[in-house]
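Residue strings, one per chain:
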Amino acid sequence: EPEVTQTPSHQVTQMGQEVILRCVPISNHLYFYWYRQILGQKVEFLVSFYNNEISEKSEIFDDQFSVERPDGSNFTLKIRSTKLEDSAMYFCASSESAGSMGTEAFFGQGTRLTVV
Amino acid sequence: QKEVEQNSGPLSVPEGAIASLNCTYSDRGSQSFFWYRQYSGKSPELIMFIYSNGDKEDGRFTAQLNKASQYVSLLIRDSQPSDSATYLCAVHILTGGGNKLTFGTGTQLKVEL
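Residues numbered from 1 in each chain as written. Chains lettered and ligands numbered in written order. Predicted model: local features only at pLDDT ≥ 70, side-chain atom pairs only at ≥ 80, totals over all residues. Heavy atoms only, no water.

1. Considerations on the state of the cysteines
Structurally, a disulfide amounts to a covalent bond that connects the sulfur atoms of two cysteines. Convention followed: Two cysteine sulfurs form a disulfide in these notes if their separation is within 2.5 Å. Each helix corresponds to a stretch of at least 4 residues labelled H or I by DSSP, and each strand to a stretch of at least 2 residues labelled E; elements are numbered beginning at the N terminus. Relative accessibility under 20% of the residue-type maximum defines a buried residue, over 50% an exposed one, and the middle range a partly exposed one, all with a 1.4 Å probe and only protein chains included.
Taken as a whole and judged by the stated rule, the model has two disulfides over all chains. One disulfide in the model links A:Cys23 with A:Cys92; its S-S distance is 1.9 Å. Given an S-S torsion of about -65°, the disulfide between A:Cys23 and A:Cys92 has left-handed geometry. A residue pair is termed long-range when its members are at least 10 positions apart, and A:Cys23 in strand S3 (residues 19-24) and A:Cys92 in strand S9 (residues 88-95) qualify at 69 residues. Summarising the burial analysis for this pair, A:Cys23 and A:Cys92 share the class buried. Bridging B:Cys23 to B:Cys89, the disulfide has an S-S length of 2.1 Å. Measuring the twist about the S-S bond at about -75°, one finds the B:Cys23-B:Cys89 disulfide to be left-handed. Here the residue B:Cys23 occupies a position in strand S3 (residues 19-25), and B:Cys89 occupies one in strand S9 (residues 85-93), the gap between them amounting to 66 residues. For the pair shown, B:Cys23 and B:Cys89 are each scored as buried.

Shown next, in the form of structure tokens:
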């Protein structure tokens, strides 16, 4: 069964450093997302991406964050100048469409980011 | 503020019983509704989705949607200890350019032997 894959599974970084989280969405999906979940809190939307551009972003997704699809398969989230409060589980997801049907989003296994 | 509300639980049910999980949402523009299961430390796993008012059954799971009451529920029949997890309700609103899910905080379900 096709699945979303994320690397690394766990990333430890020092405060102020840049990190890149990587994702390979399901191959026939057109919409890609990043969500995050701080320990003990709910899953929060960060950004959606379609046709090589951001289609929507949340208030969390400020200038510290950027996304890119560098090739035909990878989708990355870059976090610049990491802060302690960026420590969270980051989930990549993908879906076939954004219409009234086919919007089911499938999540990767997540990257646990720890900023020290 | 578009909200999705769930009772955090824990909801405890005996093995073999029916577990009933509830969710309300505030935005009447919500169009698609999803139930995800999340084991501790793991990612959300899609178990059900529903788009139209009424019931939708898939195996031991039934999703129920009432758009007039802005209410969606998940029933789990013949609950098993392996069903013990946090169940996340998520709502999708179709927007012009974007596409995102708004999640509730989740209901922790414990199925006891």
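The rest of the description comes next.
2. Concerning unusual backbone geometry
Residues A:Thr7 and A:Pro8 are joined by a peptide bond in cis, for which omega reads -10°. Within the secondary structure layout, A:Pro8 lies in the loop between strand S1 (5-7) and strand S2 (10-13). B:Gly9 connects to B:Pro10 through a cis peptide bond whose omega is 10°. Mapped onto the elements, B:Pro10 comes out in the loop between strand S1 (4-5) and strand S2 (11-14). Positive phi values are uncommon outside glycine, yet A:Asn52 reaches one of about 65°.

3. What about the pairing of strand S6 (residues 54-58) of chain B?
All names here are of chain B. The condition is simple: A pair of strands is labelled paired if DSSP reports no fewer than 2 bridges between them.
Sheet topology note: the S6/strand S7 (residues 61-66) ladder contains five bridges and is antiparallel. Its bridge partner lying in S7, Asp 58 is registered against Phe 61. Linking S6 to S7, which pair antiparallel, is a turn of two residues; within it Gly 59 sits at a positive phi near 65°.

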